[in-house]
Amino acid sequence: MAEWLESLDRLARERAKAGLTRHLRPRPADDSVVDLAGNDYLGLSGHVAVVSAARSALEAYGLGATGSRLVRGSTHAHAALESSLATWLGAEAALVFSSGYLANLAVVRAVAAVADLIVSDAYNHASLIDGCKISGRPVTVAPHNDPAGVAAILDAHPGRTAAVVTESVFSVDGDLAPLAELHAVTSARGALLIVDDAHGLGLLGGSGSGGVAAAGLAGQPDVIVTATLSKSLGGAGGVVAGAEPVIRHLIDTGRTFIYDTAPPPAVVAGVHAAIELARAADDRRATLFERGARLAARLRAAGFPVTEPAAGVLSVVAPGPEAAVGWAEDCRDRGVAVGCFRPPSTPDGSSRLRLTVNAGVPEADFARALDVIVECAP
């Protein structure tokens, strides 16, 4: 046993030498740090209506769901949330999971029943990559945001049914996928298109209905949408939305649905309340986009190459992992939380600060955060 513990210690030392050690930083409930690291884009996680709905469900159902969705974990709160999500996303049906990660694992694995080739964007999130790995199907990685590259891959495999997997807004750099062009490629070749809309839901499209809807693809039978409920909706959980046979297949075969305890009813009810707020939150979306543009302009003026924010994510490259960590820690010491992304979390091996815009942050705090980020740069 000592040998394997020594091996783990050796690996930890190697990670530390490369600047890749990670730390847990518990925060208090009254944390005063300006949050440009979390994903509460619309500032709804603490909204009085969201908290009230969660509190009522907590009192009615208790703390947990008490079982998996197929045993005792499905409540009227779960059914109501799924109905609202399907309507909002323009899909025939929707299914809620306990996390977006598990939703992505389930849906990519599920399409392996009808697709014998998976094509995955090079910058996809780890949950999609892991779904591809467990799908049991051949996986080809496509160049990032390259519909022509996807078309070439599909054309090189004639006669095979394929599924193309992408994000709508990519989680590291915040750039937007060319969804309409990708769908033109997939639909012409009989392929499915799976879109993780985690960073687009609540921000893009009419009433915040997401990147898929913004691309005019809502309700298309050959498009499957996944999303997390932990970002613009400020809660927790995940969803898969699409044609009714897709949802039926997931209920019958989705291992991360069947064998996982259901999301707590209090969280589900809070998320449901957040949807109603998000649909009417055009003012908060306008604030978020204005702040994203201002943040990008400020960093460019200071000489940093930054991505153009398609929604609420903006990324700026650091000289290396140690520099990224130091930059983030200096910002934190001055009361501003920023994301620090290092390999293997970055698709191209570069270390970054990842900045996420929160429309709920007071304007004076946001303006101060811009100063701090620039002043703390390595």
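The rules we used
- Residues numbered from 1 in each chain as written.
- Predicted model: local features only at pLDDT ≥ 70, side-chain atom pairs only at ≥ 80, totals over all residues.
- Heavy atoms only, no water.
- 1 Å grid on protein atoms, 1.4 Å probe; cavity = no way out; pocket = protein on both sides within 12 Å on 5 of 7 lines; lining within 4 Å.
- Points joined across faces, edges and corners; volume = space filled by probe spheres on them.
- Nonpolar A, V, L, I, M, F, W, Y, C, P; charged D, E, K, R; others polar.
- Pairing = 2+ DSSP bridges.
- Helix = DSSP H or I, 4+ residues; strand = E, 2+ residues; numbered from the N terminus.
- Axes fitted to C-alpha atoms, helices over the stretch in contact; angles between N-to-C directions.
- Contact = heavy atoms within 4.5 Å.
- Phe/Tyr/Trp six-rings, centres within 6.5 Å; stacked < 30°, edge-to-face > 60°.
- Buried < 20%, exposed > 50% of the residue type's maximum accessible area, 1.4 Å probe, protein only.
- Arc of directions from axis to C-beta.
- Salt bridge = Lys/Arg side-chain N within 4 Å of Asp/Glu carboxyl O.
- Lys, Arg positive; Asp, Glu negative; His and termini not counted.
- Polar contact = N/O pair within 3.5 Å; in protein donor to acceptor, adjacent residues only side chain to side chain.

Q: In this structure, what is going on with empty space enclosed by the protein? I would like to understand it.
A: The method is simple in principle: a probe with the dimensions of a water molecule rolls over the atoms, and the space it marks as empty is what remains. In the structure shown here, the tally under the stated rule is one cavity of 30 Å³ or more. Estimates place the volume of the largest cavity at around 60 Å³. The wall of the largest cavity is formed by Val 119, Ser 120, Asp 121, Ala 142, Pro 143, Asn 145, Asp 146, Val 150, Val 164, Val 165, Thr 166 and Leu 182. Here the lining of the largest cavity is composed, by residue class, of seven nonpolar, three polar and two charged.

Q: Hey, could you run me through the sheet that holds strand β9 (residues 313–317) in this one?
A: Strand-to-strand pairing in sheets goes through backbone hydrogen bonds, with the strands running parallel or antiparallel. Pairing is mixed across the open sheet formed by four strands, whose spatial order is β1-β10-β11-β9. With one partner strand each, in any of the chains shown, β1 (34–36) and β9 form the two edges of the open sheet. Direction aside, neighbouring strands of the sheet carry axes that sit 30 degrees apart on average. Here strand β10 (residues 336–341) pairs with strand β11 (residues 352–356) via three bridges, running antiparallel. Directly across from Cys 340, in β11, lies its bridge partner Leu 353. Against the sheet, helix α13 (residues 282–301) contacts β9 and β11, and its axis sits at roughly 10 degrees relative to β9. Its contacts with the sheet place helix α15 (residues 363–375) against β1, β10 and β11, and it is angled at close to 65 degrees to β1.

Q: Would you take a moment to explain the environment of Ala 218 for this structure?
A: Residue placement: Ala 218 occurs in the loop between α9 (211–214) and β7 (223–228). Taking the C-alpha atoms as reference points, Ala 218 and Gly 90, separated by 128 residues in sequence, lie 5.2 Å from one another. Dropping the residues within four chain positions of it, Ala 218 is found in contact with Leu 89, Gly 90, Val 212 and Ala 213.

Q: How should I be thinking about the packing of aromatic side chains in this particular structure?
A: Any pair of aromatic rings gets described here by the distance separating the centres and the angle formed by the planes. If you walk through the whole model with that rule in mind, you get two aromatic pairs. With a centroid separation of 5.6 Å and 65 degrees between ring planes, the pair formed by Phe 97 and Phe 257 is classed as edge-to-face. Here Phe 97 is found in strand β2 (residues 93–97), whereas its partner Phe 257 is found in helix α11 (residues 255–258), with 160 residues between them in sequence. Here the two residues Phe 97 and Phe 257 agree in accessibility, since each one is buried. Centre to centre, the rings of Phe 304 and Trp 327 are 5.4 Å apart; their planes meet at 35 degrees, and the pair counts as tilted. With a gap of 23 residues between them, Phe 304 in the loop between α13 and β9 and Trp 327 in helix α14 (residues 321–333) connect regions that are remote in the sequence. Judged on exposure class, the residue Phe 304 and its partner Trp 327 are both buried.

Q: Any chance you could explain the environment of Trp 327 here in plain terms?
A: Note on Trp 327: relative accessible area 1%, which makes it buried. In this structure the C-alpha to C-alpha distance between Trp 327 and Leu 353, which are 26 residues apart in sequence, comes to 8.0 Å. The contacts of Trp 327, once residues within four sequence positions are left out, are Phe 304, Val 316, Val 317, Ala 318, Leu 353, Ile 373, Cys 376, Ala 377 and Pro 378.

Q: I keep staring at helix α6 (residues 126–134) and nothing clicks. Help me out?
A: The α-helix advances 3.6 residues per turn, and as a result positions three or four apart in sequence lie on the same side. If you check which residues of α6 are buried, you get Ser 127, Leu 128, Gly 131 and Cys 132. In a view along the axis of α6, the buried residues occupy a sector of 140 degrees, so they form one face of it. Of the surrounding secondary structure, the elements contacted by the buried residues of α6 are α5 (100–111), β3 (117–121), β4 (139–142), β5 (162–167) and β6 (192–196). Trailing α6 by a residue or two, Gly 136 shows a phi angle of about 80 degrees, which is positive.

Q: What exactly am I supposed to notice about the pattern of salt bridges here?
A: Opposite charge on two side chains allows them to pair when their charged atoms are near. In the structure shown here, the tally under the stated rule is 14 salt bridges. With its nearest N and O atoms 3.2 Å apart, the salt bridge here joins Glu 14 to Arg 10. Within this pair, Glu 14 and its partner Arg 10 are both found in helix α1 (residues 2–17), separated by four residues, close to a single helical turn. Judged by its relative accessible area of 43%, Glu 14 falls in the partly exposed class. Among the salt bridges present, the one from Arg 291 reaches Glu 363, with a minimum N-O distance of 3.4 Å. One end of the pair, Arg 291, is in helix α13; the other, Glu 363, is in helix α15, and 72 residues separate them in sequence.

Q: Help me understand the side chain of Arg 354 in this model?
A: Here Arg 354 shows up in strand β11. Although Arg 354 is buried, it forms no salt bridge, and the closest oppositely charged side chain is Glu 167 at an N-O distance of 7.9 Å. A distance of 3.0 Å separates the side chain of Arg 354 from the side chain of Asn 39, its partner in a polar contact. Residue contacts for Arg 354: discarding those within four places in its chain leaves Leu 36, Ala 37, Asn 39, Ser 171, Val 172, His 199, Val 313, Leu 314, Val 338, Gly 339 and Phe 341.

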